[in-house]
Amino acid sequence: MTVTDEVRTTVATLRRTVADLHQELTRYQLVVWTAGNVSARVPGQQLLVIKPSGVSYDELDADAMLLCDFDGNLVEGSRLPSSDTAAHAYVYRHMPHVGGVVHTHSTYACAWSARAEPIPCVLTMMADEFGGDIPVGPFAMIGDDSIGRGIVETLSSSRSSAVLMQNHGPFTIGKDSREAVKAAVMLEDVARSVHIARQLGEPVRIDPHHVDALFDRYQNVYGQGTAPVASPGSPGGVA
Ligand SMILES: [Zn+2]
């Protein structure tokens, strides 16, 4: 496969972005040793940027990142790609809106994966970020398409950007790799909070219509977008 100069510039930027985002996984204590991985789709190409397999997080700079095609083959780089590359590639092939994929073995999310139990939507931040329960994906062996297939099948029937693969751990998606890392960080936080809540009793579910309203507001209004301008006589905009 030939890579044009324009694509090469985009790939260089993505190499830096994906390398930096791997440091977020250690900063938020979502990974140990060499576990976990972040990838980014190269827009408009059947290509993705991902980390090499079995390399210390201290060594994961932009130059260490690899360019692979959507069959998981190495296109640029000198090391073996992450063992989860096929799963990431499968997601990009089948979910065109996804620009970033993250996988970790973060402790509390894995505890729910180990029980094959969805995390119930009992916190407003879950409704905001995930739009409902965090679903469980099927048990799948590493090494072929089965993890990717399980992720896509589960997330295609959910608003959630996170799936707990049974007996394994979480995969998260986003419109870009930064959003997918954010989902991985938020997921571990809610997995921990709901786990702790359960030690003291049964957490209270949020009514579905409130979940819908929270999700809609957070996804469409919240943040540093264009501030609504109050019209004369109106009570003002949102906080
Ligand atoms: Zn894994």
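It should be emphasised that the depicted structure is a prediction, and the values quoted were computed from it without experimental measurement. Residue numbering note: each chain is counted from 1, following its sequence as written. Predicted model: local features are reported for residues with pLDDT of at least 70 only, side-chain atom pairs are reported and counted for 80 or more only, and whole-chain, interface and lining totals are derived from all residues. Side-chain metrics in this entry use all non-hydrogen atoms of the structure; hydrogen atoms and water are not considered.

Caption draft 1: Broad picture of unusual backbone geometry. Positioned with a positive phi, Trp33 is a non-glycine residue whose angle comes to about 55 degrees. Runs of E in the DSSP output that reach at least two residues are strands. Runs of H or I that reach at least four are helices, and both are numbered from the N terminus. Its place among the elements puts Trp33 in the loop between α1 (5–27) and β1 (37–41). Classification of Trp33 as exposed rests on a relative accessible area of 79%. With a phi close to 55 degrees, Ala116 is a non-glycine residue in the positive phi region. Looking at where Ala116 falls in the secondary structure, it is placed in the loop between α3 (107–115) and α4 (124–130). The cut-offs for exposure are 20% and 50% of the maximum accessible area for each residue type, with area from a 1.4 Å probe on protein chains only; residues under the lower value are buried, those over the upper are exposed, and the others partly exposed. The partly exposed category is assigned to Ala116, whose relative accessible area is 31%.

Caption draft 2: Geometry of the pattern of salt bridges. Each reported salt bridge corresponds to a side-chain nitrogen of Lys or Arg within 4 Å of a carboxyl oxygen of Asp or Glu. Tallied over the entire structure, the rule returns 12 salt bridges. Across the pair Arg205 and Asp133 runs a salt bridge whose closest N-O atoms are separated by 2.9 Å. Of the two residues, Arg205 sits in the loop between α6 (177–200) and α7 (208–220) while Asp133 sits in the loop between α4 and β6 (136–137), which places them 72 residues apart along the sequence. Accessibility expressed as a relative area gives 28% for Asp133, which makes it partly exposed. Two residues, Arg192 and Asp189, come together in a salt bridge whose shortest N-O distance is 3.0 Å. You can see Arg192 and its partner Asp189 sitting in helix α6, 3 residues apart, about one turn around the helix. Owing to a relative accessible area of 28%, Asp189 belongs among the partly exposed residues under this scheme.

Caption draft 3: Expanded view of the coordination of the zinc ion. Protein-derived ligands of the zinc ion are His103 (NE2), His105 (NE2) and His168 (NE2), with the metal-ligand distances lying across 2.0 to 2.1 Å. Here the coordinating atoms are restricted to nitrogen, oxygen and sulfur within 2.8 Å of the metal centre, or 3.2 Å for Na, K and Ca, and because water is not among them the sites may look incomplete. Between consecutive donor residues of the zinc ion, the sequence gaps follow H-x1-H-x62-H. A residue pair is termed long-range when its members are at least 10 positions apart, and His103 in strand β5 (residues 100–103) and His168 in the loop between β7 (162–165) and β8 (169–174) qualify at 65 residues. In terms of burial, His103 and His168 fall into one category: buried.

Caption draft 4: The packing of aromatic side chains, seen in detail. Here a pair means two rings of Phe, Tyr or Trp (six-membered ring of Trp) with centres within 6.5 Å. Their orientation is stacked below 30 degrees between planes, edge-to-face above 60, and tilted elsewhere. Taken as a whole, this structure holds 1 aromatic pair when the rule is applied. Its guanidinium or amino end placed over the ring of Trp112, Arg115 lies 4.6 Å from that ring's centre, counting from NZ or CZ. Consider the ring centre and the ring normal. A charge sits over the ring if Lys NZ or Arg CZ is within 6 Å of that centre and within 35 degrees of that normal.

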